[in-house]
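Structural features, examined
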Amino acid sequence: MTSFPPDVVAAILHHMNDDHTDDNLTIARAFVDPAATAATMTDLDTEGGTWDVVVDGETRGQAVPWPGPVVERADVRRAVVALHDAAVERLGLPAREAH
């Protein structure tokens, strides 16, 4: 596992948690628990992302591996989009036309 610099992680987490709250929940419902009612991305590295997921009022941290290789910062965006697309497919939701 390789970490990104703290400022990079903070910027990505800020973006995900401010601009993509619905996407966080979709990923959590597909890869952690379909009963999730909230999800906040709390960490990431080259192996995957970690979300705090709320199920039945209880919060637990859960790592979700990236669906493809992540080596540098630019790879994270592609990995999150691919993870979200896989979550949408797994849950049988309509796909977005563009990201």
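One structure accompanies this document, and this report is about it. Predicted model, so just to flag it, every value in this text is computed and none were measured.

Note: most residues except glycine have negative phi, and most peptide bonds are trans. In this structure, Asp56 takes a positive phi of about 50° despite not being glycine. Considering the arrangement of structural elements, one finds Asp56 in the loop between strand S2 (48-55) and strand S3 (58-65). Overall, the relative accessible area of 69% leaves Asp56 in the exposed class.

By secondary structure assignment, the location of Ala36 is in the loop between helix H2 (21-31) and strand S1 (38-44). Remark: the alpha-carbon pair of Ala36 and Thr2, spanning 34 residues in sequence, is separated by 28 Å. Beyond its immediate chain neighbours, meaning those up to four positions away, Ala36 contacts Leu25, Ala28, Arg29, Val53, Val54 and Val55.

A few words now on the packing of helix H1 (residues 6-19) against helix H3 (residues 73-91). Following both chains from N to C, one finds H1 and H3 inclined at 25°, their axes separated by 11 Å at the closest point. With respect to H3, the axis of H1 lies roughly parallel. As H1 runs across H3, the sense of the crossing is right-handed. Residues Val8, Ala11, Ile12 and Met16 of H1 form the contact with H3, whose own contacting residues are Arg73, Val76 and Val80.

Turning our attention to the environment of Leu25. Tracing the chain through its elements places Leu25 in helix H2. Given a relative accessible area of 15%, Leu25 falls into the buried group. Between the alpha carbons of Leu25 and Met41 there is a distance of 9.5 Å; along the sequence they are 16 residues apart.

The rules we used
Residues numbered from 1 in each chain as written. Predicted model: local features only at pLDDT ≥ 70, side-chain atom pairs only at ≥ 80, totals over all residues. Heavy atoms only, no water. Helix = DSSP H or I, 4+ residues; strand = E, 2+ residues; numbered from the N terminus. Buried < 20%, exposed > 50% of the residue type's maximum accessible area, 1.4 Å probe, protein only. Contact = heavy atoms within 4.5 Å. Axes fitted to C-alpha atoms, helices over the stretch in contact; angles between N-to-C directions. Parallel < 35°, antiparallel > 145°, perpendicular 65-115°, else oblique. Left-handed = near helix turned anticlockwise from the far one by under 90°.

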